[in-house]
Amino acid sequence: MTAAQAAIRTDGLTKDYGDRRGCRNVTLTVQAGEAFGFLGPNGAGKSTLVKMLVGLISPTAGSAELFGHPAGSVEARRRIGYLPELFRYPEWLTGVEALRFHARLCGLDNQTAERRIAELLDEVGIGRRGYDRIKKYSKGMQQRLGLACALIGNPDLVFLDEPASALDPVGRHEVREILKRLKERGTTIFLNSHLLEDVEQICDRMALLNNGQVLAEGPIADLLRERSRWHVRVGGYSPVVAEWLSLAVDAPLRVRPDLPLPPGSDSVWLEAELENEEQIGRLHYLIVEQGLTLYEARRADSGLEQWFLQAVSGLEHRGEGTRT
Ligand SMILES: Nc1ncnc2c1ncn2[C@@H]1O[C@H](COP(=O)(O)OP(=O)(O)OP(=O)(O)O)[C@@H](O)[C@H]1O
């Protein structure tokens, strides 16, 4: 990819709020068409970075470009959509009126705006409720409206700051599907989220921010190629076989009597700490080879969740109190 094709390029981007650190020396590239996850504990500086990228606040130092244009410039803004983390729309408007307002801001003519609004009401699951006043919307409905507003101008790059935090599991699933469709259409997605499962399913690459600084960055698959915990349910278990399996895969294996079993089952759950995903294939093979029955196998945690917890454990989190 050439420099001009990068959707986002930051160089030493820094923001201080007086003596409080927002972001420090962030250098990142997000290629056009990529879905990029931006993770970090509360107060890490994620929203601060997004606000600089969309041009809502100015950096203290460093620079940022979107599609080769300075962040905040009209040329850059023309290509983006933004769903802020904390947003409120005027409650007396209907959802459709709020969307019309955003369509005007994006410079859409009336005909295009009405067509886009009808498409988006459907896509984000608001439907006919779009004609209700926003004051009657639940938080989840408001979040769906926010997503529609961010997408109204058919942006090349969309910044989503916690787009599913107020949604129930069905709503989260729907938003995930919307983002997957956007990605298929080639839209670049910058996703700030604490919902690690969403990041894991949608994003190609990610960065982890802590205390304003990037701790790790790369393809999710590479970052996750680390130790993971697996649960396998087997029949015909004996301690001797389990010990043999543990030696054969070179990984600790222990029984988990606390995990629920189907009624009447004489199977047991085993937990394996594996260094890499290849080991799980070998473990399955050996279980069957030893004459045990393999009923089910699953990853014990979201791989990303475990990675995140390990990455930030022992580090100082800024929380809301620590100064620069
Ligand atoms: N306008 C502001 N004035 C002063 N300090 C601010 C301001 N905005 C953010 N901060 C501080 O900057 C730091 C980073 O905040 P930011 O909101 O960017 O973090 P975040 O990673 O988005 O957090 P969260 O996950 O909780 O949304 C925090 O310590 C916060 O208190």
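Predicted model, so just to flag it, every value in this text is computed and none were measured. (Residues numbered from 1 in each chain as written. Predicted model: local features only at pLDDT ≥ 70, side-chain atom pairs only at ≥ 80, totals over all residues.)

**Examining the sheet that holds strand 2 (residues 20-31)**
Reading across the sheet, the four strands line up as 2-1-4-5 and stay open at both edges, with antiparallel pairing between neighbours. Looking at the sheet topology across the chains shown, the edges are occupied by strand 2 and strand 5 (69-70). Direction of pairing for strand 1 (residues 6-17) relative to strand 2: antiparallel, over a ladder of eight bridges. Looking at strand 2, one finds that Lys15 is bridged to Cys23. Helix 1 (residues 46-54) rests against strand 1, strand 2 and strand 4 (61-66) of the sheet, and its axis sits at about 120° to strand 1. (Pairing = 2+ DSSP bridges. Helix = DSSP H or I, 4+ residues; strand = E, 2+ residues; numbered from the N terminus. Contact = placed C-beta atoms within 7 Å. Axes fitted to C-alpha atoms, helices over the stretch in contact; angles between N-to-C directions.)

**Focus: the site of the ligand**
Residues in contact with the ligand amount to 14 residues; listed here are only the nearest, Tyr17, Asn42, Lys46, Ser47 and Thr48. At the level of secondary structure, the elements contributing two or more residues to the shell around the ligand comprise strand 2 and helix 1. The element best represented in the shell around the ligand is helix 1, accounting for three residues. Among the residues making up the shell around the ligand, the classes are represented as two nonpolar, seven polar and five charged. (Near = placed C-beta within 6 Å. Nonpolar A, V, L, I, M, F, W, Y, C, P; charged D, E, K, R; others polar.)

**As for the nonpolar core**
Counting 71 residues, the largest nonpolar core has Leu53, Ala148, Phe159 and Leu191 as its most contacted members. With seven residues, the top contributor of residues to this core is helix 5 (residues 139-151). Leaving out residues up to four positions away in the same chain, Ala148 has contacts with Leu99, Leu120, Leu121, Val124 and Ile126. By size, the runner-up hydrophobic cluster in this structure holds 15 residues, among which are Val234, Leu253, Ala272 and Leu292. (Core = buried A, V, L, I, M, F, W, Y, C linked by C-beta atoms within 7 Å. Buried ≥ 20, exposed ≤ 12 C-beta atoms within 10 Å, placed from the backbone.)

Any link to function would need more than the numbers given here.
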